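Chain and residue survey
Now for the letters of each chain:
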Amino acid sequence: MDIQETIQSLREELNLHNHNYYVLDDPTISDYDFDVKLKELQDLETKHPEFFDEHSPTQRVGGTVTKNFNTVTHKNRMYSLDNSYSKEDVLDWEKRIQKILGDVPLEYTCELKYDGASISMTYEHGKLKRAVTRGDGFQGDEVTNNIKTIRSVPLHLKGDFPDNFEIRGEIVLPLEGFAKMNQELIEIGETPYSNPRNTASGSLKLQDSAEVAKRPLDCLLYTLIGNDVKFTTHFESLEKARNFGFKVPKEAKLVKSIDEVFEFIEYWNIHRHDLPYETDGVVVKVNNLHLQEELGYTAKAPRWAIAYKFKAEQVSTKLNLISYQVGRTGAITPVANLAPVQLAGTIVKRASLHNADQIEKLDIRVGDKVFVEKGGEIIPKIIGVDFTTRSLDLLPTVYITNCPECQTELIRKEGEAQHYCPNFYGCPPQIIGRIQHYISRKAMDIEGLGGETVALLFNNNLVQNYADLYDLTVEQVIPLERMAQKSAENLVNGIEKSKEVPFERVLFALGIRYVGETVAKKLAKHYQNIDNLSNASLMDLILVDEIGERIAQSVVEFFENSENQIIIQRLKDYGVQLETKTVFNPDATDKLIGKTFVVSGVFVKFNRDDLKKAIEDNGGKVGSSISAKTDFVIAGDNMGPAKLEKATKLNVSIISEDDFIAMLG
Ligand code: AMP
Ligand code: ZN
């Protein structure tokens with residue numbers, strides 16, 4: 001096999017595995033084997049940029065930055081749906097359509113109403129061409145680069161797909177992935193997202209597609225529109241779409257009467273909670289496409305479809321107690337402890353009350369009957385108090401003034417909703433939480449040491465901070481609960497091994513408030529070592545790309561603290577990586593400072609990544625699309641005509657790779 005064939009066959013193989021995993025939910029190889037193959041393809045593509053393909057599975061990781069999304073007019077308007085809330089509403093709807101159509105037998109397709117953000121995608125010759133948000137229904141934003149990163153969106157189709165068609169669906173954030181994202185935010189002291197739907201729709205408009213790639217989004221399809229399509233019913237179109245490689249939920253059902261529609265609704269009203277993503281109703285559609293056409297549209301919605309909205313599930317129960325949790329960053333979260341009650345298939349005992357304002361807003365008192373709802377979040381929320389049953393002797397809730405764990409007086413910063421325990425170094429859950437964060441998978445990833453052991457170590461006075469970990473000996477650890485010679489050795493070895501973890505992850509592990517993984521990477525790259533970073537002034541920090549005042553302030557405070565200074569000196573002495581190991585680049589200059597380049601097409605002397613690196617190494621900036629701010633377009637073979645036209649229109653100089661080399665002298 002020659003190189004091109006190898007690349008092609010790897011791409012096909014990886015596409016198939018992606019489809020098995022993300023669409024069919026039935027992987028046939030291990031994640032590890034998948035990664036090995038992907039890496040192999042990446043390497044070949046880097047070595048052979050002449051075979052670049054924007055639809056290659058390697059492009060799923062994203063990396064393009066879009067400052068302004070293009071507005072695109074929808075070829076077919078994206079209508080809304082009429083809503084119904086009862087059986088009667090649905091029966092009325094059937095009567096209305098029967099009146100228009102006369103006495104014809106009607107079949108319906110019942111689908112779930114997926115709760116996310118709608119998307120319209122165009123495929124040409126079996127490849128994803130464009131993806132556009134719904135916008136106002138007439139025009140939306142082009143978000144193709146972001147959509148491409150969603151693994152269940154096929155970049156290449158299979159089967160006998162039409163040459164040109166539009167397909168619509170919903171971008172959703174499955175509950176499990178959503179919970180994980182929030183867990184990570186909570187870990188760095190950030191506010192969690194409020195619900196999966198808003199997070200999904202917000203994701204579509206992120207500027208950096210690499211950020212979108214990290215989110216566990218999914219795409220569920222429900223409409224296929226095209227001129228040369230070979231089907232006459234909606235249900236058939238769904239099956240076809242599934243055969244082309246799209247994720248069309250199997251729950252969709254063809255039914256032959258309105259009674260069967262009700263059965264579908266009743267079944268899913270209960271079982272929707274077993275689905276991995278959120279739904280807020282059922283969509284009933286007239287199945288025959290000719291009849292759909294005959295029915296047409298009102299000013300707002302199709303006449304041939306109706307959405308039945310599920311009622312939000314609600315129960316009332318008694319509030320027994322309000323307790324307060326202290327997080328790693330000292331943030332206090334009030335928790336409602338409820339009389340256990342069944343809600344949407346689970347037993348609920350606790351609900352978050354968020355903060356003092358929320359408690360005041362609800363005027364919630366211990367002893368109250370409260371309404372609990374399972375909304376977007378996994379944790380149920382309290383939506384109100386049943387004032388009709390409140391007894392007169394209930395006292396207003398007084399928010400705690402002191403930390404429940406260490407009794408220190410709480411503080412609340414101007415403009416912040418949360419109260420904090422400022423006893424950073426003496427408050428047990430904060431100390432333990434910080435060490436737990438330090439050893440966690442994305443931070444130092446210490447093998448042989450888990451969160452519970454950290455608590456044990458602290459409670460046995462063996463560690464007070466993460467630097468103390470490096471002094472631990474096997475003898476000290478063995479007497480602890482559930483420890484033995486072997487596990488104690490593993491623990492100490494795991495800690496020793498963490499000295500090889502690169503600086504950017506160490507920086508994340510330190511647990512500086514608001515410094516998450518991405519920010520840690522940026523800071524590590526910019527400052528190269530901990531001394532530079534700790535000497536940086538507020539102003540210095542703010543000038544770093546994408547570092548805002550809040551982060552800068554938090555970094556400065558962290559390094560000003562003398563206990564932190566001691567801990568960091570100790571980490572240094574133990575040999576923990578506190579600087580970036582850089583490869584010295586003798587070719588770096590500042591010849592391109594102030595110049596923005598856009599790279600387009602295929603090159604002979606560089607691959608695209610090396611070319612971009614060469615621009616940045618010499619002080620230039622790489623833009624993702626041509627705009628008035630672009631100084632040069634470096635054009636290789638096969639530069640698209642649209643780009644050429646845009647560059648010419650904006651008077652941007654178009655240069656060859658040789659011109660570029662000449663620029664660097
Ligand atoms: P609404 O936003 O309430 O007007 O409802 C219309 C929206 O429902 C569409 O824009 C879709 O994004 C969404 N939707 C979710 N699931 C479906 C489905 N199975 N069929 C059609 N639309 C759906
Ligand atoms: Zn405290």
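Residues numbered from 1 in each chain as written. Chains lettered and ligands numbered in written order. Predicted model: local features only at pLDDT ≥ 70, side-chain atom pairs only at ≥ 80, totals over all residues. Heavy atoms only, no water.

Focus: the UniProt feature "binding site: Zn(2+)" (unreviewed entry) in the protein chain
UniProt records the feature "binding site: Zn(2+)" (unreviewed entry) at Cys403, Cys406, Cys421 and Cys427, using the numbering of this structure. The largest pairwise C-alpha distance within this set of annotated residues, which runs over 25 residues, is 8.6 Å, so the set is compact in three dimensions. Tracing the backbone through its elements, the reader meets Cys403 in the loop between strand S16 (381-385) and helix H12 (428-439). Residues in contact with Cys403, not counting those within four places in the same chain, are Val326, Thr408, Leu410, Cys421 and Cys427. Beyond its immediate sequence surroundings of up to four residues, Cys421 is in contact with Gly330, Ile332, Cys403, Cys406, Thr408, Leu410, Cys427 and Gln430. (UniProt positions renumbered as here; feature names shortened; annotations may be inferred. Helix = DSSP H or I, 4+ residues; strand = E, 2+ residues; numbered from the N terminus. Contact = heavy atoms within 4.5 Å.)

Regarding the confidence of the model for the protein chain
Should the pLDDT be low somewhere, the predicted coordinates at that spot are not to be read in detail. This prediction gives the protein chain a mean pLDDT of 91; 98% of its residues lie at or above 70. Strand S3 (residues 108-114) holds the highest mean pLDDT among the elements of the protein chain, 98, whereas helix H22 (residues 608-617) holds the lowest, 82. (pLDDT = per-residue confidence, 0-100.)

Observations regarding the coordination of the zinc ion (ligand 2)
The zinc ion (ligand 2) binds to the protein through Cys403 (SG), Cys406 (SG), Cys421 (SG) and Cys427 (SG); the donor distances cover 2.2 to 2.3 Å. Its 4 donor atoms give the zinc ion (ligand 2) angles of 99 to 114° at the centre, a pattern that matches the tetrahedral case. (Donors = N, O, S within 2.8 Å, 3.2 Å for Na, K, Ca; no water. Tetrahedral: all angles 85-135°; square planar, octahedral: opposite > 155°, others 65-115°.)

Some words on the side chain of Arg434
On the secondary structure map, Arg434 appears in helix H12. At 7.4 Å, Glu563 is the nearest oppositely charged side chain to Arg434, a buried residue that forms no salt bridge. Engagement of the side chain of Arg434 in a polar contact is seen with the backbone oxygen of Phe424, the distance being 2.8 Å. Not counting residues within four places of it along the chain, the set of residues in contact with Arg434 comprises Arg328, Phe424, Tyr425 and Tyr466. (Buried < 20%, exposed > 50% of the residue type's maximum accessible area, 1.4 Å probe, protein only. Lys, Arg positive; Asp, Glu negative; His and termini not counted. Salt bridge = Lys/Arg side-chain N within 4 Å of Asp/Glu carboxyl O. Polar contact = N/O pair within 3.5 Å; in protein donor to acceptor, adjacent residues only side chain to side chain.)

Side note on the domain arrangement of the protein chain
Taken domain by domain, the protein chain consists of domain 1 (3-61), domain 2 (83-309), domain 3 (312-423), domain 4 (428-500), domain 5 (503-574) and domain 6 (596-664). A straight line from the C-alpha centre of domain 2 to that of domain 3 covers 36 Å. (Domains from an automatic or database assignment.)

Re the packing of helix H3 (residues 87-101) against helix H9 (residues 258-271)
Put simply, H3 and H9 touch, their axes get as near as 11 Å, and they point 145° apart. You can see that H3 and H9 cross each other, and the crossing is right-handed. Contact residues: H3 offers Lys87, Val90, Leu91 and Glu94, while H9 offers Ile258, Phe262 and Glu266. Among the residues forming the contact of H3 with H9, the class breakdown is 4 nonpolar, no polar and 3 charged. (Axes fitted to C-alpha atoms, helices over the stretch in contact; angles between N-to-C directions. Left-handed = near helix turned anticlockwise from the far one by under 90°. Nonpolar A, V, L, I, M, F, W, Y, C, P; charged D, E, K, R; others polar.)

Notes on the site of ligand 1
Around ligand 1, a shell composed of Ser80, Leu81, Glu111, Leu112, Lys113, Tyr114, Ser118, Arg134, Glu170, Tyr222, Val283 and Lys285 is seen. In this structure, an oxygen atom belonging to ligand 1 sits 3.2 Å away from a main-chain N or O atom of Leu81. Taking Leu112, its main chain carries an N or O atom lying 3.0 Å from a nitrogen atom of ligand 1. In isolation ligand 1 exposes 500 Å². Once the protein is present, 85% of that is buried. Listing elements by their share of the shell around ligand 1, those giving two or more residues are S3 and strand S10 (279-286). Top contributing element to the shell around ligand 1 by residue count: S3, with 4 residues. The residue makeup of the shell around ligand 1, split by class, is 5 nonpolar, 2 polar and 5 charged. (Near = heavy atom within 4 Å. Areas by Shrake-Rupley, 256 points an atom, 1.4 Å probe, with all protein chains shown as cover.)

Remarks on the sheet that holds strand S18 (residues 621-623)
Spatially, the 4 strands line up as an open sheet ordered S18-S17-S19-S20, and their pairing is parallel. At either margin of the open sheet sits one strand with a lone partner, and together these are S18 and strand S20 (653-655). Across the sheet, the axes of successive neighbouring strands diverge by a mean angle of 35°, strand direction being ignored. Of the pairings in the sheet, the one linking strand S19 (residues 632-635) to S20 comprises 3 bridges and is parallel in character. Within the sheet, the bridge partner assigned to Ile634 lies in S20 and is Ile655. Helix-sheet contacts for H22 involve strand S17 (596-600), S18 and S19, and the interaxial angle to S17 is about 170°. (Pairing = 2+ DSSP bridges.)

Observations regarding the pairing of S10
With 8 of its 8 residues buried, S10 lies for the most part within the structure. In this sheet, S10 lies alongside S3 in antiparallel orientation, the contact comprising 7 bridges. Directly across from Cys110, in S10, lies its bridge partner Val284. Pairing analysis gives 5 bridges linking S10 to strand S11 (residues 305-309), with the strands arranged antiparallel. If you follow Lys285 over to S11, its bridge partner there is Ala305.

Concerning the environment of Phe165
Structurally, the position occupied by Phe165 is in strand S7 (residues 164-172). Exposure remark for Phe165: the relative accessible area of 1% places this residue in the buried category. Phe165 sits 396 residues away from Asn561 along the chain, and the two C-alpha atoms are 60 Å apart. Residues within four places of Phe165 in sequence aside, it is in contact with Met121, Thr122, Tyr123, Leu157, Leu224, Ile225, Gly226 and Phe246.

A few points about the pairing of S19
On a regular strand, each side chain points to the face opposite its neighbour's, so the side chains alternate between the two faces of the sheet. Of the two faces of S19, the one carrying Phe632 and Ile634 and the one carrying Val633 and Ala635 are both buried. As paired elements, S17 and S19 share 4 bridges and run parallel to each other. Pairing of Val599 across the sheet is with Ile634, part of S19. For the handedness criterion, the β-α-β arrangement of S19, helix H23 (residues 641-649) and S20 is classed as right-handed. (Right-handed = clockwise from strand over helix to strand, strands pointing away.)

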